[in-house]
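These are the residues of each chain, in order.
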Amino acid sequence: MSSQTPGASLSRNEASLFRKIYRHNGLARQQLMRQQHLKSATFYNTVDALVQKGYVYTAPSARTGGLGRPTEALWVNPGKAYIFGAFLTVFEYRFALLDFCGGLLAQKRFEPRPGAFIDGFLRDCEASYQELLAAQGARDSQVCGVAVSATGPLDAASGDMLNDQWGRFAVCAELGARLQKPVAVASNANAIAWGLYLMDHPDGPDDLGFLLLNEGGIGVGTVLGGTLFYPARDPSPGLSHLLVGPGPMRCQCGHYGCLTTYVSPVYLCRQAAERIKLGQPTGLRFDEPGDVTFPQLCRGAEEGDELCVQLVRDAARAFCRGLHNYLTVLPVPLVGLGGTFVEHSPLFFDQVAQGMAGYAPALRVEKVTDYVRYAFRGISAKLVFELLGRA
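Structural notes, computed from the coordinates. (Residues numbered from 1 in each chain as written. Predicted model: local features only at pLDDT ≥ 70, side-chain atom pairs only at ≥ 80, totals over all residues. Heavy atoms only, no water.)

## Quick word on the overall build of the protein
Note the following rule: Under the scheme used here, helices are H or I runs from DSSP no shorter than 4 residues and strands are E runs no shorter than 2 residues, and both carry numbers assigned from the N terminus. It is over C-alpha atoms that the radius of gyration is taken, and the globule rule equals 2.2 Å times the number of residues to the power 0.38. By the convention used here, residues are in contact when the closest approach between their heavy atoms is within 4.5 Å. Residue burial considers only the protein chains on display, and all accessible areas are found by Shrake-Rupley using a 1.4 Å probe. Charged residues are defined narrowly, with Lys and Arg counted positive, Asp and Glu counted negative, and His plus the chain ends left uncounted. In this description, the location of a charge corresponds to atom NZ of lysine, CZ of arginine, CG of aspartate or CD of glutamate.
The secondary structure content of the protein amounts to 13 helices and 15 strands. By the compact-globule yardstick of 21 Å for 391 residues, the protein fits well, its C-alpha radius of gyration being 23 Å. The long-range share in the protein, meaning contacts at least 24 apart out of those at least 6 apart in sequence, stands at 63%. Working note: accessible area of the protein is about 17,400 Å², and carbon and sulfur atoms make up 49% of it. Side chains of the protein carry 36 positive and 35 negative charges; the gap between the two charge centres is 8 Å.

Structural data, given as structure tokens:
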């Protein structure tokens, strides 16, 4: 691993070419040259410089060129530097040591301490940083920066987390000061969308969306033209408070009809309790109606319990209306779905996929299960690009 800060020694042409290789890892040299609009001599000199500086290496491609000869492909060197990653939600946080391509080398997971989220997070961060480096035999000088994927909403200008439970948390400033490293931050949905594009769809489409359905709401990440899209409103509320109907109950924002009241695990459990109190039959077992849990509700739906199936199908129909509105504004051809609801309820995903076939027949809907891995990949790329001078 190099101890040099990535980007510090790159020319403008080198940085531009490296970003292209980073997005399309394993791209054939000839194909890349046609896309860069550089003179042949300039292109080859630039590639040679990236190889000599340790950013890129060459290897035969699986594809063949003219006369059946193997073509030479360009790959990002994962051993250029380490990246320290953090992934935060309301219910867990993780720290990881990543390679220069965002590949996961080792990680540690924690559950927040009640009433002491920020203090506990910062203590665990500093301890994990030292432990993960030691476990890999790495030095602090080999870490090029800190990549943070955090639950939204975020203040785009400062990178601060804005949360009802702990208020404003200056996560970039705190980690930068404690670890003495540059810090990049993105919302979990944006980091996952970017990672999804880089890992699974490097050759297209250049437009895709990702929706994260968790207890805290519905996060949205969008890639347009091969770059992350940031809405004009800062911070963005995602789709949580998009109005999609009269609403089963009042949202915490004070309105009825917010999409989150249809699909949030917390609200679904409340709806189940209300319907049980009104006498709707169910096979769910509980001491009190309010004891019904979300995993229990999802299992009931898979087993055919009428109440649970009705709740999940209602949630899927409402979500389809919200997703259709999103696609009206940002007509991407591919949407990934992940998070608590998608993990626990196959019926929900199937109903959404079927429902969207009616709204948008050409749309591809994918289930994203290992979304933490995508988050680390996406936020690592954001850090690397910022180090190269691209904010």
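## Structural notes on the sheet that holds strand β12 (residues 217-224)
Basically, it comes down to this: What makes two strands pair is DSSP finding at least two bridges between them.
Ordered in space as β13-β12-β11-β14-β15, the five strands form an open sheet in which the pairing is mixed. Lying at the two open borders of the sheet, with one neighbouring strand each, are β13 (227-228) and β15 (364-367).

## Observations regarding the pairing of strand β4 (residues 82-88)
Quick note on the threshold: Each residue gets one of three labels from its accessible area relative to the maximum for its type: buried under 20%, exposed over 50%, partly exposed in between, using a 1.4 Å probe on protein chains only.
Counted residue by residue, β4 has seven buried out of seven residues, so it is predominantly covered. The side-chain alternation of β4 yields two buried faces, one formed by Tyr82, Phe84, Ala86 and Leu88 and the other by Ile83, Gly85 and Phe87. Two strands pair when backbone bridges link them, and β4 and strand β7 (residues 143-150) are joined in this way by six bridges, in the parallel orientation. Its bridge partner being in β7, Tyr82 is matched across the sheet by Val143. In this sheet, strand β5 (residues 93-98) lies alongside β4 in antiparallel orientation, the contact comprising six bridges. Each bridged residue has a counterpart across the sheet, and for Gly85 the counterpart in β5 is Ala96. Where β4 folds back onto β5 in an antiparallel hairpin, the turn is made up of four residues.

## Thoughts on empty space enclosed by the protein
The following threshold applies: Put plainly, a pocket is an open set of points on a 1 Å grid over the protein atoms alone with protein on both sides within 12 Å along at least five of seven lines, a cavity is a set where a 1.4 Å probe fits but cannot get out, and a lining residue has an atom within 4 Å of a point. Grid points are joined across faces, edges and corners, and a volume is the space filled by probe spheres set on the points. Gly counts as polar in this scheme, as do all residues outside two lists: the nonpolar Ala, Val, Leu, Ile, Met, Phe, Trp, Tyr, Cys and Pro, and the charged Asp, Glu, Lys and Arg.
Going through the model one piece at a time under the given rule, you end up with one cavity of 30 Å³ or more. Taken together, Leu213, Asn214, Gly217, Ile218, Thr260, Val263, Ser264, Pro265 and Phe341 make up the full set of residues lining the largest cavity. The set of elements that each furnish at least two residues to the lining of the largest cavity consists of β11 (208-214), β12 and α7 (260-263). Each residue belonging to the lining of the largest cavity can be placed in one class, and the counts come to five nonpolar, four polar and no charged.

## Comments concerning the packing of helix α2 (residues 29-36) against helix α3 (residues 40-52)
Worth spelling out the cut-off: Angles here are taken between N-to-C directions and fall from 0 to 180 degrees, while the axes themselves are lines fitted to C-alpha atoms, restricted in helices to the stretch in contact. Put simply, angles under 35 degrees are roughly parallel, angles over 145 are roughly antiparallel, angles from 65 to 115 are roughly perpendicular, and the rest are oblique. By convention the crossing between two helices is left-handed if the near helix lies anticlockwise of the far one by an angle smaller than a right angle, and right-handed if it lies clockwise.
Where α2 meets α3, the closest approach of the two axes is 11 Å, and the angle between their N-to-C directions is 120 degrees. Considering their axes alone, α2 and α3 lie oblique with respect to each other. Crossing geometry of α2 relative to α3 is assigned as right-handed. Contacts from Arg29, Gln30, Leu32 and Met33 in α2 reach Ser40, Phe43, Tyr44 and Val47 in α3. Its residues assigned to classes, the contact of α2 with α3 comprises five nonpolar, two polar and one charged.

## Quick word on the packing of aromatic side chains
Working definition: an aromatic ring pair is given by the centre-to-centre distance plus the angle between the planes. The test is simple: Classification of ring pairs rests on two measures: the distance between centres of Phe, Tyr or Trp rings, Trp counted by its six-membered ring, which must be within 6.5 Å, and the angle between planes, read as stacked under 30 degrees, edge-to-face over 60 and tilted in between.
In this structure the tally under the stated criterion is 24 aromatic pairs. Summarising the aromatic geometry, the rings of Tyr93 and Phe117 are spaced 5.7 Å apart at their centres and angled 85 degrees between planes, so their arrangement reads as edge-to-face. Here Phe117 lies in helix α4 (residues 117-136) and Tyr93 lies in strand β5, a separation of 24 residues in the sequence. Ring plane angle 85 degrees and centroid distance 5.2 Å describe the contact between Tyr93 and Phe121, whose orientation is recorded as edge-to-face. Highlighted residues: Tyr93 in strand β5 and Phe121 in helix α4, separated in sequence by 28 residues.

## Focus on helix α9 (residues 294-302)
Of all the residues in α9, the buried ones are Phe294, Gln296, Leu297, Cys298, Gly300 and Ala301. Buried residues in α9 make contact with α8 (265-277), α10 (306-329), α11 (340-344) and α12 (346-359).

## With respect to the nonpolar core
Note the threshold: Residues belong to one nonpolar core when they are buried, are Ala, Val, Leu, Ile, Met, Phe, Trp, Tyr or Cys, and are joined through side-chain atoms within 4.5 Å.
With 54 residues, the main nonpolar core has Phe18, Ile21, Leu50, Phe100, Trp194 and Val384 as its most contacted residues. Among the elements that line this core, the one with the most residues is helix α13 (residues 371-387), at 11 residues. Not counting residues within four places of it along the chain, the set of residues in contact with Val384 comprises Phe18, Tyr22, Ile83 and Phe100. One finds Ile218, Leu239, Leu311 and Val352 within the second-largest nonpolar core, a separate group that totals 45 residues.

## What about the sheet that holds strand β6 (residues 104-110)?
One open sheet holds the five strands; their spatial order is β6-β5-β4-β7-β10, and the pairing between them is mixed. For this open sheet the edge positions go to β6 and β10 (183-187), each flanked by a neighbour on one side alone. Adjacent strand axes in the sheet meet at a mean angle of 15 degrees when their direction is disregarded. The pairing of β7 with β10 spans five bridges and is parallel. Across the sheet, residue Ala147 finds its bridge partner in β10, namely Ala184. Packing of helix α6 (residues 188-200) onto the sheet brings it into contact with β4, β7 and β10, and relative to β10 it is tilted by some 95 degrees. Relative to the sheet, α13 contacts β4, β5, β6, β7 and β10, its axis offset from that of β7 by approximately 130 degrees.

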